[in-house]
Amino acid sequence: MNSLRAYAFIDRLQPQLAGVAAASSPGFLPIGGESSLVMEVQPGILINQAIDLALKASPVKLGKSLCERYFGYMEIHAKSQQDVLYAGSAALKGLGFTEKDITKPEVLSSLIINKVSPYHAQLMNVYRNGSLLIPGKDLLTVECEPAAYIFLAANEVEKQVDVTLVDCVEVGAVGRLSVSGTPSEIKQAEKAAVQALKAVQP
């Protein structure tokens with residue numbers, strides 16, 4: 001059965017998230033200030049049709065796509081919000097979906113580690129796509145399902161709180177966001193991430 005797992009429009013990409021997205025993007029690199037849209041569908045192969053519909057409908061750029069057996073993902077972006085929204089609308093219409101068909105995101109876990117140890121920080125830094133995790137900083141990790149929605153949560157966190165974006169993984173079984181900062185910043189970031197995910201309604 002075809003299903004729309006995630007569909008999220010981002011009005012203005014924040015600079016750190018744009019950098020993280022670019023670090024793992026095999027396509028056209030997004031930059032801060034652009035508008036973006038992420039979509040996740042099932043089965044995975046369906047994402048190829050979504051990409052075709054979006055790119056032919058509007059002058060947007062394809063930053064990333066992933067086609068797995070069960071889930072397919074794409075991220076598109078452009079300077080014009082209207083272009084991004086039109087491309088997303090064309091993809092939805094062509095696949096027979098509406099925004100009400102989305103799967104409501106679920107917060108699977110939220111974990112705060114106080115004063116990260118040096119060895120822990122060094123190992124995380126090997127695999128991260130964002131900024132370095134500095135030993136002694138607090139670390140927040142939030143996981144959600146469907147995975148694509150963590151991209152939206154990451155952008156909202158960066159809008160509201162002055163934290164360091166360590167990593168954001170928006171594809172796979174779950175989405176995972178990692179940010180670091182002071183204890184007060186991390187508590188605010190956790191609140192912002194959870195609120196952003198809970199605000200998404202079919």
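Residues numbered from 1 in each chain as written. Predicted model: local features only at pLDDT ≥ 70, side-chain atom pairs only at ≥ 80, totals over all residues. Heavy atoms only, no water.

### Concerning the environment of Thr-164
Here comes step 1: Within the secondary structure, Thr-164 is located in strand E7 (residues 164–169).
Here comes step 2: In the structure, Thr-164 is positioned 33 residues away from Ser-131 in sequence and 6.7 Å away in space, judged by C-alpha atoms.
Here comes step 3: When residues no more than four places from it in sequence are discounted, the contact partners of Thr-164 are Gln-16, Ser-131, Leu-132, Ser-178, Val-179 and Ser-180. (Helix = DSSP H or I, 4+ residues; strand = E, 2+ residues; numbered from the N terminus. Contact = heavy atoms within 4.5 Å.)

### Some words on the packing of helix H1 (residues 15–23) against helix H5 (residues 149–160)
Here comes step 1: Where H1 meets H5, the closest approach of the two axes is 8 Å, and the angle between their N-to-C directions is 145°. The segment H1 lies against H5, with Pro-15, Gln-16, Leu-17 and Ala-21 engaging Phe-151, Ala-154, Asn-155 and Glu-158. (Axes fitted to C-alpha atoms, helices over the stretch in contact; angles between N-to-C directions.)

### Side note on the state of the cysteines
Here comes step 1: What the rule picks out here adds up to 0 disulfides.
Here comes step 2: Residue Cys-168 stays outside any disulfide, its sulfur separated by 8.7 Å from that of Cys-144, the closest cysteine.
Here comes step 3: Assessed through its relative accessible area of 5%, Cys-168 is described here as buried. (Disulfide = S-S within 2.5 Å. Buried < 20%, exposed > 50% of the residue type's maximum accessible area, 1.4 Å probe, protein only.)

### Considerations on the domain arrangement of the protein chain
Here comes step 1: Per the domain assignment, the segments making up the protein chain are domain 1 (3–95) and domain 2 (106–199).
Here comes step 2: Between domain 1 and domain 2, the C-alpha centre-to-centre distance is 22 Å.
Here comes step 3: Opposite the 25 residues of domain 1 that make contact, domain 2 presents 22 residues.
Here comes step 4: Both faces considered, domain 1 and domain 2 share a buried interface measuring about 2,000 Å² in area, 61% of it formed by carbon and sulfur atoms. (Domains from an automatic or database assignment. Buried area = accessible area lost by both parts, 1.4 Å probe.)

### Concerning the UniProt feature "domain: BMC circularly permuted" (unreviewed entry) in the protein chain
Here comes step 1: Mapped onto this numbering, the UniProt entry gives "domain: BMC circularly permuted" (unreviewed entry) at residues 3–105.
Here comes step 2: End C-alpha atoms of residues 3–105 are separated by 14 Å, and the span's content is 35% helix alongside 29% strand. (UniProt positions renumbered as here; feature names shortened; annotations may be inferred.)

### Details of H5
Here comes step 1: Taking 1.5 Å per residue as the helical rise, H5 with its 12 residues ought to reach 16 Å, and the 17 Å between its terminal C-alpha atoms agrees with that figure.
Here comes step 2: Counting buried positions over the 12 residues of H5 gives 9, a clear majority of the element.
Here comes step 3: Those residues of H5 that sit buried are Tyr-149, Ile-150, Phe-151, Leu-152, Ala-153, Ala-154, Asn-155, Val-157 and Glu-158. (Expected span 1.5 Å × (residues − 1).)

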